[in-house]
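Structural overview
In case you want the letters, here they are:
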Amino acid sequence: MADGSGDASGGAPDGLPGDGSAGAESLSGWDDTPIPTPDEESLGAEGSSGATGLTATDSEGSVTPAHATGGGGKADGLEGARVFIDPGHGGNDWGTCYGLTYEKHVVLEIALRLGERLAEGGLVPCLSRTEDVDVDYLKIADMANERGCELTLSIHINSMPGNPDYRGTETLYSNGAGAGGSFTSKDLASIVQSNVHAAMGSYDIGIIEREGLAVLRLATIPTVIVELGFMTHEGDRGKLLSEEYRAMIVEALYDSVVEALVRMRV
Ligand SMILES: [Zn+2]
């Protein structure tokens, strides 16, 4: 079901050292973003589902960003927390595609906006790439650790060539040693899946353990790969290309990060 991205058997080009770090360095100014009033206290306070503010948006027809009123809110108590964001693929690795729409471009756009949103919340986004360059996915875990990040979200889009009926959101995790302490990658997967599924309003494939994916297997902090939807499904694709849905996806990912970090501090 997954597109195989991050798998150790994949075809990442050689000669990539430095790509990721170059991208992250360009983010140095992001935490200077002015921070408006706090409004995230309720998130994760009871370790609740994380669907806060998204519950009205899960029907197929709604495109109203449920979080429009909360934009720019500061994540109380989480200032300075570092979060690793990996927009899947990049450069010579295009990921999935449909026509001239490439996964690597869609997920980068979403990741950059998520980075901006995290910075607005007082968090520090660290991205594996901020432009269309190759990234060595075998080094994602190291990059996240070197930058002192507490969790990693790797953002992808699925595809099922030959079967356009496949649709939905899924979040992948590994139970590998060291992938989280009391708060695990599986816990992070549950939070992300709940929020992103609510935002996408597509089929809920759920969370899936995948030990064969290097990005997950090598992780020493809670790490997930979220497959937002299927590029090959007309409905999913339409949402992924929609400004309104992208805004909701970004907010869902932001909420997920906040809820996870709050729970990690309990
Ligand atoms: Zn992918």
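This is a predicted model, so every value here is computed, not measured.

Procedures and definitions
- Residues numbered from 1 in each chain as written.
- Predicted model: local features only at pLDDT ≥ 70, side-chain atom pairs only at ≥ 80, totals over all residues.
- Helix = DSSP H or I, 4+ residues; strand = E, 2+ residues; numbered from the N terminus.
- Contact = placed C-beta atoms within 7 Å.
- Expected span 1.5 Å × (residues − 1).
- Buried ≥ 20, exposed ≤ 12 C-beta atoms within 10 Å, placed from the backbone.
- pLDDT = per-residue confidence, 0-100.
- Core = buried A, V, L, I, M, F, W, Y, C linked by C-beta atoms within 7 Å.
- Pairing = 2+ DSSP bridges.
- Axes fitted to C-alpha atoms, helices over the stretch in contact; angles between N-to-C directions.
- Parallel < 35°, antiparallel > 145°, perpendicular 65-115°, else oblique.
- Left-handed = near helix turned anticlockwise from the far one by under 90°.
- Nonpolar A, V, L, I, M, F, W, Y, C, P; charged D, E, K, R; others polar.

**Quick look at the overall build of the protein chain**
- Helix and strand counts for the protein chain stand at 7 helices and 8 strands.
- For the protein chain, the proportion of contacts with a sequence separation of at least 24, taken over those separated by at least 6, is 84%.

**Points about helix 2 (residues 103-120)**
- In this model helix 2 runs 26 Å from its N-terminal to its C-terminal C-alpha over 18 residues, within 8% of the 26 Å that 1.5 Å per residue would give.
- All buried positions along helix 2 are accounted for by Glu103, Lys104, Val106, Val107, Leu108, Ile110, Ala111, Leu114, Gly115, Arg117, Leu118 and Glu120.
- After helix 2 finishes, the residue glycine 122 shows a positive phi value of roughly 90°.

**Comments concerning the environment of glycine 77**
- Along the polypeptide, glycine 77 turns up in the loop between helix 1 (19-25) and strand 1 (82-87).
- Linking glycine 77 and valine 258, residues 181 residues apart in sequence, is a C-alpha distance of 10.0 Å.

**Examining the confidence of the model for the protein chain**
- With 71% of its residues at a pLDDT of 70 or more, the protein chain shows a mean pLDDT of 78.
- Low confidence marks residues 1-70, where pLDDT is under 50. Its contacts with residues over four positions away, or in another chain, come to 140 contacts.

**Notes on the nonpolar core**
- Membership of the largest hydrophobic core comes to 68 residues, with the highest contact counts inside it found for Val83, Val196, Val215, Val224, Ile249, Leu253 and Val257.
- The element best represented in this core is helix 7 (residues 243-264), accounting for 14 residues.
- If near-sequence neighbours (up to four positions away) are discounted, isoleucine 249 is found in contact with Ile110, Val196, Ala199, Met200 and Leu228.

**Some points on unusual backbone geometry**
- One non-glycine residue, histidine 89, lies in positive phi territory at about 70°.
- One can find histidine 89 in the loop between strand 1 and strand 2 (97-98).
- The class of histidine 89 is buried, set by 29 C-beta atoms lying within 10 Å.

**Observations concerning the sheet that holds strand 7 (residues 204-209)**
- On the basis of which strands lie adjacent, the open sheet formed by 6 strands has the order 4-1-5-8-6-7 and mixed pairing. Two strands close off the open sheet at either side, each with one partner strand: strand 4 (124-127) and strand 7. Each adjacent strand pair in this sheet contributes to an overall mean axis angle of 20°, direction not counted.
- Contacting strand 1, strand 4 and strand 5 (151-158), helix 2 runs over the sheet at an angle of about 145° to strand 5.

**Notes on helix 7**
- In a regular helix each residue adds 1.5 Å, so 22 residues correspond to 32 Å; helix 7 covers 32 Å between its end C-alpha atoms and thus fits that length.
- Judged by how many residues are buried, helix 7 sits mostly within the fold: 19 of 22 residues are covered.

**Description of the packing of helix 2 against helix 7**
- Axis separation between helix 2 and helix 7 bottoms out at 9 Å; the angle between their running directions is 50°. Compared by their axis directions, helix 2 and helix 7 come out oblique. The interaxial crossing formed by helix 2 with helix 7 has right-handed handedness. For the pair helix 2 and helix 7, the contacting residues are Ile110, Arg113, Leu114, Arg117 and Leu118 in the first and Arg246, Ile249, Val250, Leu253, Tyr254 and Val257 in the second.
- Within the contact of helix 2 with helix 7, the residues separate by chemical class into 8 nonpolar, no polar and 3 charged.

**A closer look at the pairing of strand 5**
- For strand 5, a buried count of 8 out of 8 residues is recorded, marking the element as mostly surrounded by other parts of the structure.
- Burial along strand 5 is two-sided: the residues Leu151, Leu153, Ile155 and Ile157 and Thr152, Ser154, His156 and Asn158 are all buried.
- Note: strand 1 against strand 5, 5 bridges, orientation parallel. Bridge assignment links isoleucine 85 to a residue of strand 5, and that residue is leucine 153.
- The sheet contact formed by strand 5 and strand 8 (residues 223-230) spans 6 bridges and is parallel. In the sheet register, threonine 152 faces strand 8, and the bridge partner there is threonine 223.

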